[in-house]
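Commentary on secondary and tertiary structure
What follows is each chain in one-letter form.
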Amino acid sequence: MECAYYRESLCRSCTNIETPYPAQLAAKQADARRLLAAYPHLTWLEPVASDEAHFRNKAKLVVGGSAQNPSLGIVDYRSGRATDLSECPLYIESIERAIPVLHELIQRADLTPYDIPARRGELKNILVTASETGELMVRFVLRSKKLLVPIRRQLGWLQERLPKLAVLSVNLLREHVALIEGDEEIILTERQTLPMRVNGMSLHLRPQSFFQTNTQIAQAMYVQGREWVGQVQPRTLWDLYCGVGGFALHAAQMMHGEVTGIEISAEAIRSAQRTVAEQGLKGVKFAAGDATEFAVNAREIPEMLVVNPPRRGIGERLCAWVEGSGIEHVIYSSCNAKTLAADLARMPSYKPVAARVLDMFPHTNHYEVITLLRRG
């Protein structure tokens, strides 16, 4: 893939962009095999390739410069130097089309970017998420409510320029910290969720819900999980770290029993519950809570378990619970094969019998690997 930002050393996020894509994918497969080399009988399925460009369904744009000459891209937090990445080739086309409009909005509404070294200004980040249908969720991350009224006044203009704008919100990040967003969200549109079409199902995203960056690969990942659930046919299944319910909702399509999803984010759980209501699904429930605490304090155990943890893995305590649970099958979806290997070592009663690399993040060293574990 060709990228002028990389060529001119303005952005080096895509560290492997000079490597031909087939070689990138082969390297990720080899890395996963190396990390799970302790399991020689593991069957490796063909890796799932991504599009090389225009695959990223979200943009996290740090705002720099001035209100009349803003930049949307990245900022060196030490120097405050801003680099505009408005034409980054990773974004899907609906995000590409939206960025110039957001640039103009900053100028129209006189939205003062936050000056990191001076700790002055208001507008810190703009977060854009796009569905496969081109609908958008746009979130302005502000230092305070000072710009709330100017942004609200431009809502009609913004909706005219972006007819597929579904959700517009303001997020407040008051502290001078290297974070993308804060806890407080103010939704300015009537609609509050962005439907993401995944394998014929709408997963509803609220402003602070997590969804995979690459919709194409997320679909493949959920299909793989659904296939393994169909092979096992459990009567009960838990999906821990369920997010907006991707694995749980796909598993429910293959089952006649009970499915339970647990996620720490209450926003994500509300999103999952809306999908359940829309689909009229029976026996599917979601609850907000800590995955480990839910498991270790439960009175019953499921016949099958799905875990999709953050990069740190499921950790020693949950591993110990799984090891002693007697659950026959576990699907472990990991975005960090190193912590996956460490967690597997803590659960010696389980052996991975099948695995697949999914390239969620082309041009980087990161990838997803999903594994089916069997006890015994």
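Computed from a predicted model, the values in this text were never measured in an experiment.

1. Quick notes on the sheet that holds strand β3 (residues 70-75)
Strand order in the open sheet made by the 7 strands is β4-β3-β2-β5-β6-β7-β8, with mixed pairing throughout. Each edge of the sheet is formed by a strand with only one pairing partner; in this case those strands are β4 (82-84) and β8 (184-187). Strand-to-strand twist in this sheet, taken as the mean axis angle between neighbours without regard to direction, amounts to 35°. The pairing of strand β7 (residues 165-172) with β8 spans 4 bridges and is antiparallel. Residue pairing in the sheet places Leu172 in a bridge with Glu184 of β8.

2. A few points about the packing of aromatic side chains
One pass over the full model with this rule turns up 3 aromatic pairs. Ring geometry for Tyr222 versus Phe247: centroids 5.0 Å apart, planes at 90°, classification edge-to-face. In this pair, Tyr222 sits in helix α6 (residues 215-232) while Phe247 sits in helix α7 (residues 246-252), placing the two residues 25 residues apart along the sequence. With respect to burial, Tyr222 and Phe247 carry one shared label: buried. An angle of 65° between the planes, with centres 4.8 Å apart, marks the rings of Trp238 and Phe294 as edge-to-face. Remark: Phe294 occurs in helix α9 (residues 291-297) and Trp238 occurs in strand β11 (residues 236-240); sequence separation between them is 56 residues.

3. With respect to the environment of Tyr222
For Tyr222, a relative accessible area of 6% translates into the label buried. Separated by 185 residues in sequence, Tyr222 and Ala37 have C-alpha atoms that sit 25 Å apart. Not counting residues within four places of it along the chain, the set of residues in contact with Tyr222 comprises Val198, Asn199, Leu203, Gln212, Gly246, Phe247 and His250.

4. A look at the UniProt feature "binding site: S-adenosyl-L-methionine" (unreviewed entry) in the protein chain
Residues given the UniProt feature "binding site: S-adenosyl-L-methionine" (unreviewed entry) here are Gln212, Tyr241, Glu263 and Asn308. You can see Tyr241 is positioned in the loop between β11 and α7. Look at Tyr241 and you get buried, because its relative accessible area is 15%. Once you skip the residues sitting within four places of it in the chain, Tyr241 turns out to touch Ile262, Glu263, Ala291, Thr292, Asn308, Pro309, Pro310, Gly313, Ile314 and Leu318.

5. Structural notes on the sheet that holds strand β15 (residues 329-334)
The 8 strands are arranged β1-β16-β17-β15-β14-β11-β12-β13 in an open sheet whose pairing can be described as mixed. What marks the edges here is a single partner per strand, and that holds for β1 (43-44) and β13 (284-288). Where strand β14 (residues 304-307) and β15 come together, 4 bridges link them in parallel fashion. Each bridged residue has a counterpart across the sheet, and for Met304 the counterpart in β15 is His329. Where helix α11 (residues 337-345) meets the sheet, it contacts β15, β16 (350-358) and β17 (368-375), and its direction lies at approximately 155° from that of β15.

6. Remarks on the pairing of strand β10 (residues 201-205)
Of all 5 residues in β10, 5 are buried, a share of seventy percent or more. Neither face of β10 is left uncovered, since the one carrying Met201, Leu203 and Leu205 and the one carrying Ser202 and His204 both have all their residues buried. Examined bridge by bridge, strand β9 (residues 194-198) and β10 share 5 bridges and lie antiparallel to one another. Its bridge partner lying in β10, Met196 is registered against Leu203. Adjacent in sequence and paired antiparallel, β9 and β10 are bridged by 2 residues, among which Asn199 carries a positive phi angle near 50°.

7. Points about the side chain of His204
For His204, the position within the fold is in strand β10. A polar contact is formed between the side chain of His204 and the side chain of Thr193, at a distance of 3.2 Å. Setting aside chain neighbours within four positions, we find His204 in contact with Thr193, Leu194, Pro195, Val244, Ser271, Arg274, Thr275 and Glu278.

8. Looking at the side chain of Asn214
Mapping Asn214 onto the fold places it in the loop between β10 and α6. Owing to a relative accessible area of 1%, Asn214 belongs among the buried residues under this scheme. When near neighbours in sequence (up to four residues on either side) are disregarded, Asn214 contacts Ser50, Phe55, Asn57, Asp359, Met360 and Pro362.

The rules behind these values
Residues numbered from 1 in each chain as written. Predicted model: local features only at pLDDT ≥ 70, side-chain atom pairs only at ≥ 80, totals over all residues. Heavy atoms only, no water. Pairing = 2+ DSSP bridges. Helix = DSSP H or I, 4+ residues; strand = E, 2+ residues; numbered from the N terminus. Axes fitted to C-alpha atoms, helices over the stretch in contact; angles between N-to-C directions. Phe/Tyr/Trp six-rings, centres within 6.5 Å; stacked < 30°, edge-to-face > 60°. Buried < 20%, exposed > 50% of the residue type's maximum accessible area, 1.4 Å probe, protein only. Contact = heavy atoms within 4.5 Å. UniProt positions renumbered as here; feature names shortened; annotations may be inferred. Polar contact = N/O pair within 3.5 Å; in protein donor to acceptor, adjacent residues only side chain to side chain.

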